[in-house]
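A look at the structure
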Amino acid sequence: MLAQILLQAAEQGGLGLAFAGSAIGAGVAAIGAGLGIGKIGASAMEGIARQPEAAGRIQTAMLIVAALIEAVALFAAVICLLISFKG
């Protein structure tokens, strides 16, 4: 099904491929951010379970890293939107 969509986009010229590429890029960015946040949450919970007295420091570090991951995902989504609006 994806191959058929890409072939239809190729028939329309470069504009269709730009739309398809931006959609795929936004999807990959969202999936990557979700996996990253999930890994951070799991690791933070494991660290807090092993060393409860360090929960505050672990939570602070977790929130900072989660914010950085979300910022990168948002940046990727904005770039994909710019590509899709180019046409």
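It should be emphasised that the depicted structure is a prediction, and the values quoted were computed from it without experimental measurement. (Residues numbered from 1 in each chain as written. Predicted model: local features only at pLDDT ≥ 70, side-chain atom pairs only at ≥ 80, totals over all residues. Heavy atoms only, no water.)

1. What about the overall build of the chain?
Regarding its fold elements, the chain presents three helices and zero strands. In the chain, the succession of α and β elements from N to C terminus is α-α-α. Residues counted as buried form 18% of the 87 residues belonging to the chain. The long-range share in the chain, meaning contacts at least 24 apart out of those at least 6 apart in sequence, stands at 62%. (Helix = DSSP H or I, 4+ residues; strand = E, 2+ residues; numbered from the N terminus. Buried < 20%, exposed > 50% of the residue type's maximum accessible area, 1.4 Å probe, protein only. Contact = heavy atoms within 4.5 Å.)

2. Considerations on the pattern of salt bridges
Pairing between side chains of opposite charge can happen when their charged atoms approach one another. Evaluation of the coordinates by the stated rule reveals one salt bridge. Glu46 is paired through a salt bridge with Arg50; the nearest N and O atoms lie 3.2 Å apart. Highlighted residues: Glu46 and Arg50, both in helix 2 (residues 14-50), separated by four residues, approximately one helical turn. (Salt bridge = Lys/Arg side-chain N within 4 Å of Asp/Glu carboxyl O.)

3. Focus: the environment of Val65
If you trace the backbone, Val65 turns up in helix 3 (residues 55-85). The exposure class of Val65 is partly exposed, given its relative accessible area of 38%.

4. Regarding a nonpolar patch on the surface
Residues Leu74, Phe75, Val78, Ile79, Leu82 and Ile83 make up a contiguous nonpolar surface patch of about 570 Å² in total accessible area. Along the chain, Ile83 falls in helix 3. Residue Ile83 is classed as partly exposed on the basis of its relative accessible area, which comes to 37%. (Patch = residues over 30% accessible without salt bridge, like charges linked within 9 Å, V, L, I, M, F, W, Y side chains within 5 Å. Areas by Shrake-Rupley, 256 points an atom, 1.4 Å probe, with all protein chains shown as cover.)

5. Notes on the confidence of the model for the chain
Here the chain averages 87 in pLDDT, while 89% of its residues score no lower than 70. The least confident element of the chain is helix 1 (residues 2-11), whose mean pLDDT is 70; the most confident is helix 3, at 92. (pLDDT = per-residue confidence, 0-100.)

6. So, the side chain of Ser22
When you line up the elements, Ser22 lands in helix 2. Accessibility expressed as a relative area gives 5% for Ser22, which makes it buried. With residues up to four places along the chain from it excluded, the contact list for Ser22 reads Cys80, Ile83 and Ser84.

7. Some words on helix 3
With 31 residues, helix 3 extends 44 Å between its outermost C-alpha atoms, agreeing within 8% with the 45 Å of an ideal straight helix rising 1.5 Å per residue. When helix 3 is considered as a whole, its buried residues turn out to be Met62, Ala66, Ala73, Cys80 and Ser84. (Expected span 1.5 Å × (residues − 1).)

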